[in-house]
Amino acid sequence: MTQHTDVVVIGGGYAGVMAANRLTRRDGVTVTLINPRANFVERIRLHQLAAGTDDAVVEYREVLAEGVRLVVDTVTRINAAERSVTPGTGTPIGYDYLVYAVGSGSADLLVPGAAEFAYPITTLEETQRLRPVLDAAAPTAAVTVVGAGPTGIETAAELAEQGRRVTLVCGGVLGPYLHARGRRSVAGRMAELGVTVLDGPGTKVTAVTRDAVRLADGREVASEVTIWTAGFGVPDLAARSGLSTDALGRLLTDETLTSVDDDRVVAAGDSAAPSDLPLRMSCQAAMPLGARAADTVLSRIDGERPSTLNQVFAGQCISLGRRAGIFQFAHKNDVALWFHVAGRPGAKLKELVCKGTVKHLADEAGKPGSYGLHRVSGGDQRGKRLRAERGGTAATADRSA
């Protein structure tokens, strides 16, 4: 007789969908995915939603395995002792194993005036709130984008390509992840598009008003629409539920993505902090983490020791409007290399990656267990870093279910 196991996945983003799909490979495992939205959000296209060049939404039937039960709701609490979660409806849903994949959102807008006058675009709902504001603004209206990471760069370029008058306030360095060569390439494209780039130590935003952004060096930048892309935060569900988290609120796990508090709880994606050394928040990390989390659960069901994290990175791809982009290659430990692909080839690579993420999820839905990028050999870069930071020992797990 096949043992029956109930697995609940909280969060239907890149990590949660990958985990849910992969778990259906095992007979006797019932998978329930709880997500506040009825559609899958292509978060890496939200800057396109802001500019009106894509809706950034895919129907779950295109990426979610048929065997996964979708519950459209928000989890308000995890009761690890009773192995249940409480959705907004108030009726608890029990589990044998829980995959915590709640993702990330905008950081708290603590800068004076930011919460009242700036528009974050980290979530679908935030970006949908911005869209009509941009539509109502005159084509010549001053638009200020705060934050010069990938989202800020992509948003500034997307809007400028449409003829918008855009200022990008970096708060430091333009594209801090990029190699110096890649940074110069991005700066050149911004100049072509007419984007005013304000970078350097005096460009941190100190206040936002209805029609301006004030900087640390005393400058005031006129802004009829202010878009905020600086910083990420994570939901406080784990902390509210009494589970151990890092300083940002990500669930603390070992290197198998198992909670340090409970071996029936596994984390994946932006909301996971393996060994208190979380990976860069990205879909590039989220999908392999989702696959690893599913494999950890299946190993525990079988009474086997789960494999540890083996995460590698290829680099970072950034769109610079619809006609240009940059693919910044990196070492497997996520340190940028000198080599990059820019211009139209960079745009094509970026679009290939965007379509590829959806295809990976759809392929895993159709053939659970087929995804294998979380098992790509990357040497022992992460292990070396852990041992260096922890005096010779890396965190692993040897617990049974």
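Reading the values: the criteria
Residues numbered from 1 in each chain as written. Predicted model: local features only at pLDDT ≥ 70, side-chain atom pairs only at ≥ 80, totals over all residues. Heavy atoms only, no water. UniProt positions renumbered as here; feature names shortened; annotations may be inferred. Helix = DSSP H or I, 4+ residues; strand = E, 2+ residues; numbered from the N terminus. Rg over C-alpha atoms; globule rule 2.2 N^0.38 Å. Buried < 20%, exposed > 50% of the residue type's maximum accessible area, 1.4 Å probe, protein only. Contact = heavy atoms within 4.5 Å. Areas by Shrake-Rupley, 256 points an atom, 1.4 Å probe, with all protein chains shown as cover. Lys, Arg positive; Asp, Glu negative; His and termini not counted. Charge placed at Lys NZ, Arg CZ, Asp CG, Glu CD. Expected span 1.5 Å × (residues − 1). Pairing = 2+ DSSP bridges. Right-handed = clockwise from strand over helix to strand, strands pointing away. Salt bridge = Lys/Arg side-chain N within 4 Å of Asp/Glu carboxyl O. Axes fitted to C-alpha atoms, helices over the stretch in contact; angles between N-to-C directions. Parallel < 35°, antiparallel > 145°, perpendicular 65-115°, else oblique. Left-handed = near helix turned anticlockwise from the far one by under 90°. Nonpolar A, V, L, I, M, F, W, Y, C, P; charged D, E, K, R; others polar. Polar contact = N/O pair within 3.5 Å; in protein donor to acceptor, adjacent residues only side chain to side chain. Disulfide = S-S within 2.5 Å.

- Taking an unreviewed UniProt entry as the reference, the protein chain is identified by name as FAD-dependent oxidoreductase belonging to Streptomyces virginiae.
- Under the UniProt heading Sequence similarities (unreviewed entry), the entry covering the protein chain gives this text: "Belongs to the NADH dehydrogenase family."

**Quick look at the overall build of the protein chain**
- The helix and strand inventory of the protein chain stands at 11 helices and 25 strands.
- Rg of the C-alpha trace for the protein chain: 21 Å, near the compact-globule value of 21 Å for 401 residues, within the 12% margin.
- The principal-axis extent of the C-alpha atoms belonging to the protein chain is close to 70 × 45 × 40 Å.
- Looking at the protein chain as a whole, 55% of its 401 residues qualify as buried.
- At a minimum sequence separation of 6, the contacts of the protein chain that also span at least 24 residues come to 63%.
- In the structure as shown, the protein chain presents an accessible area of about 16900 Å², 51% of it carried by carbon and sulfur atoms.
- For the protein chain, the distance from the average site of its 45 positive side-chain charges to the average site of its 44 negative ones is 6 Å.

**Concerning helix 6 (residues 150-161)**
- For helix 6, built from 12 residues, the straight-helix expectation of 16 Å at 1.5 Å per residue is met to within 8% by its first-to-last C-alpha distance of 16 Å.
- Taking burial as the measure, the 12 residues of helix 6 include 10 buried ones, the bulk of the element.
- Among all positions in helix 6, only Gly152, Ile153, Glu154, Thr155, Ala156, Ala157, Glu158, Leu159, Ala160 and Glu161 are buried.
- Looking at the residues trailing helix 6, positive phi occurs at glycine 163, about 95 degrees.

**Remarks on the pairing of strand 2 (residues 29-35)**
- Of all seven residues making up strand 2, six are buried, and the element is well covered by its neighbours.
- The pairing of strand 1 (residues 5-10) with strand 2 spans six bridges and is classified as parallel. Counterpart to threonine 5 in the pairing with strand 2 is valine 29.
- The β-α-β motif built from strand 1, the intervening helix 1 (residues 14-23) and the parallel element strand 2 has right-handed crossover chirality.

**Points about the pattern of salt bridges**
- As enumerated under the stated definition, the model contains 22 salt bridges in all.
- Between glutamate 59 and arginine 61 there is a salt bridge, and its shortest N-O distance comes to 2.6 Å.
- Note on glutamate 59: relative accessible area 37%, which makes it partly exposed.
- What makes arginine 61 exposed here is its relative accessible area of 67%.
- Notably, a salt bridge pairs lysine 350 with glutamate 154, separated by 2.9 Å at the nearest N-O pair. One end of the pair, lysine 350, is in helix 10 (residues 343-366); the other, glutamate 154, is in helix 6, with 196 residues separating them in the sequence.

**Quick look at the packing of helix 6 against helix 7 (residues 180-193)**
- In contact at an axis separation of 9 Å, helix 6 and helix 7 are set at 30 degrees when each is read in the N-to-C sense. Considering the angle they form, helix 6 stands roughly parallel to helix 7. For the element pair helix 6 and helix 7, the recorded crossing hand is left-handed. Across the interface between the two elements, Ile153, Ala156, Ala157, Ala160 and Glu161 from helix 6 touch Val186, Arg189, Met190 and Leu193 from helix 7.
- Among the residues making up the contact of helix 6 with helix 7, the classes are represented as seven nonpolar, no polar and two charged.

**A word on the side chain of arginine 292**
- For arginine 292, the position within the fold is in helix 9 (residues 283-301).
- Buried arginine 292, no salt bridge; nearest opposite-charge side chain is aspartate 295, N-O distance 4.4 Å.
- Each residue touching arginine 292, except ones within four places of it in the same chain, is listed here: Leu257, Ser307, Thr308, Leu309, His374 and Arg375.

**Things to note about the sheet that holds strand 7 (residues 84-87)**
- The strand order across the open sheet built from three strands is 6-7-8, with neighbouring strands paired in antiparallel fashion. At either end of the open sheet lies a strand with only one pairing partner, and these are strand 6 (75-79) and strand 8 (93-94).
- Where strand 6 lies against strand 7, four bridges are found, and the strand directions are antiparallel. Pairing of valine 75 across the sheet is with proline 87, part of strand 7.

**A word on the side chain of asparagine 21**
- Relative to the assigned elements, asparagine 21 resides in helix 1.
- A distance of 2.8 Å separates a polar side-chain atom of asparagine 21 from the backbone nitrogen of alanine 65.
- Residues contacting asparagine 21, with those up to four places away along its chain left out, are Val63, Leu64, Ala65, Val68, Leu361, Glu364, Ala365 and Pro368.

**Considering the state of the cysteines**
- For the structure on display, the rule yields zero disulfides.
- Cysteine cysteine 317 remains unbridged, with the sulfur of cysteine 354 as its closest cysteine sulfur at 6.3 Å.
- The buried category is assigned to cysteine 354, whose relative accessible area is 2%.

**Comments concerning the packing of helix 1 against helix 10**
- Packing of helix 1 against helix 10 brings their axes to within 8 Å, and their N-to-C directions diverge by 20 degrees. Here helix 1 lies roughly parallel to helix 10, going by the angle between them. In this structure, helix 1 meets helix 10 at a crossing whose hand is left-handed. Contact residues: Tyr14, Val17, Met18, Asn21 and Arg22 in helix 1; Thr357, His360, Leu361, Glu364 and Ala365 in helix 10.
- Residues belonging to the contact of helix 1 with helix 10 are distributed by class as follows: five nonpolar, three polar and two charged.

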